Amino acid sequence: MIKIYTDKVILITGASSGIGRELALLLAKEKARLILAARNRETLEAVRSACLAHTPHCEVLVMDVTNETQVNEGAQQAIRFFGKIDVLVNNAGVTQRSKLIDTPVSAVRQLMEVNFFGPVMLTKALLPHFREQQSGQIIVISSMAGLMGYPWRSGYNAAKHALQGYFETLQTEQPIPRLYTTLICPGRIHTPITYAAITASGEPYGKMDPGQAKGIPVAVCAQRILKAMHTRKKLVLIAREERILLWFKRFFPVLFYLIARKGN
Ligand SMILES: NC(=O)c1ccc[n+]([C@@H]2O[C@H](COP(=O)([O-])OP(=O)(O)OC[C@H]3O[C@@H](n4cnc5c(N)ncnc54)[C@H](OP(=O)(O)O)[C@@H]3O)[C@@H](O)[C@H]2O)c1
């Protein structure tokens, strides 16, 4: 792949772990100028050190994507680091492990805040900047859960479906001619995501799902995201069995509900 991100300024949320961390390392190898965002400074600093082995430019931005003030100030701080933003990667997210019937509305709201309103607020905060420079690229890490409902993830599925609707609208309205928006839908990827998953009790799930452990290696996922960024595709699925399930949903819905019900 030709390195098109050399010197480009890229803001990645959720860059302290999993997919965000891996993508940051790949972009560091392209010598991009990186801004790594998440809530935990210590883990961000560790990723920053790893990135600095490849690129001379890497900054840390401590920001909770559910806090509107922090997001608005964080967006302005991000622009100040290098004088511009070329690419925004909306990646920060939290999943869920609880049956719909047991899940309080407050937990659903929390899932919507992180997975939906976070990307919406940050995108809204940066769109004027993209308009001013008449260009930009937005990558949205959605999920196969944004295309179909799985058990144990009611609020997560809802938030990711909302992301699909919101950013597909941005793609159709296309308010800035050279603004490229890509929706990425991963299936299960082997990351620590289930440890912090929201449960009915409010306690984090605290362990790795066996299904998650058998997921696509995170390095493979990050490579596919980088390729999608290069090709500026509108929608990219990074999945194995979830693709078949989606196909069933479209063409054999009876089978879809039978199979999906058994998943967790
Ligand atoms: N792993 C999968 O199977 C999978 C599949 C489909 C889609 N995805 C999506 O991929 C994205 C990354 O997931 P991952 O698997 O890499 O998970 P992960 O390893 O748990 O990483 C999640 C990242 O989000 C950050 N984060 C969480 N809540 C935040 C908040 N309120 N404000 C700011 N940052 C926050 C975390 O850092 P802090 O805790 O320090 O804030 C961390 O850096 C998510 O959007 C997820 O929904 C993952």
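Higher on the page you've got the structure.
Residues numbered from 1 in each chain as written. Predicted model: local features only at pLDDT ≥ 70, side-chain atom pairs only at ≥ 80, totals over all residues. Heavy atoms only, no water.

**Details of the layout of surface pockets**
A volume near 240 Å³ is recorded for the second largest pocket. Considered class by class, the residues forming the lining of the second largest pocket number 5 nonpolar, 3 polar and 4 charged. (1 Å grid on protein atoms, 1.4 Å probe; cavity = no way out; pocket = protein on both sides within 12 Å on 5 of 7 lines; lining within 4 Å. Points joined across faces, edges and corners; volume = space filled by probe spheres on them. Nonpolar A, V, L, I, M, F, W, Y, C, P; charged D, E, K, R; others polar.)

**Quick word on the pattern of salt bridges**
Under the defined criterion, the tally for this structure stands at 5 salt bridges. Among the salt bridges present, the one from R21 reaches E22, with a minimum N-O distance of 3.8 Å. On the basis of relative accessible area, R21 is assigned to the partly exposed category, the value being 32%. Note that R48 is salt-bridged to E45, the shortest N-O span being 3.7 Å. Here R48 pairs with E45, and both are found in helix α2 (residues 41-52), just 3 residues apart, close to one helical turn. For R48, a relative accessible area of 25% corresponds to the partly exposed category. (Salt bridge = Lys/Arg side-chain N within 4 Å of Asp/Glu carboxyl O. Buried < 20%, exposed > 50% of the residue type's maximum accessible area, 1.4 Å probe, protein only. Helix = DSSP H or I, 4+ residues; strand = E, 2+ residues; numbered from the N terminus.)

**A look at the packing of helix α3 (residues 68-82) against helix α4 (residues 105-133)**
Two elements in contact, α3 and α4, have axes separated by 9 Å at closest approach and are oriented at 35°. At the point where α3 passes α4, the crossing takes the right-handed sense. Side by side, α3 and α4 meet where E68, V71, N72, A75, Q76 and I79 of the first sit next to M121, L122, A125, L126 and H129 of the second. (Axes fitted to C-alpha atoms, helices over the stretch in contact; angles between N-to-C directions. Left-handed = near helix turned anticlockwise from the far one by under 90°. Contact = heavy atoms within 4.5 Å.)

**Description of unusual backbone geometry**
The phi angle at Q134 is positive, at roughly 60°, despite the residue not being glycine. Within the element layout of this structure, Q134 appears in the loop between α4 and β5 (136-141). In this model, W152 sits at a positive phi of 75°, which is unusual for a non-glycine residue. Of note, W152 is situated in the loop between β5 and α5 (154-173).

**Notes on the sheet that holds β5**
Across the sheet, 7 strands lie side by side as β3-β2-β1-β4-β5-β6-β9; this open sheet has parallel pairing. Of all the strands in the sheet, just β3 (58-62) and β9 (235-238) have a single pairing partner and so form its edges. The sheet shows a mean angle of 15° between the axes of neighbouring strands, direction not considered. Here strand β4 (residues 87-90) pairs with β5 via 4 bridges, running parallel. Bridge pairing in β5 links L88 to I138. Against the sheet, α2 touches β2 (33-38) and β3, its axis set at about 170° to β3. The strands touched by α3 within the sheet are β1 (9-13), β2 and β3, with β3 carrying the most contacts at an inclination of about 165°. (Pairing = 2+ DSSP bridges.)

**Focus: the side chain of T194**
For T194, the position within the fold is in the loop between β7 (189-190) and α6 (210-213). Residue T194 is classed as buried on the basis of its relative accessible area of 0%. At 3.1 Å, the side chain of T194 forms a polar contact with the backbone nitrogen of D209. Residues in contact with T194, not counting those within four places in the same chain, are T95, R97, Y205, G206, K207, M208, D209 and Q212. (Polar contact = N/O pair within 3.5 Å; in protein donor to acceptor, adjacent residues only side chain to side chain.)

Treat this as a map of the structure, not an account of what it does.
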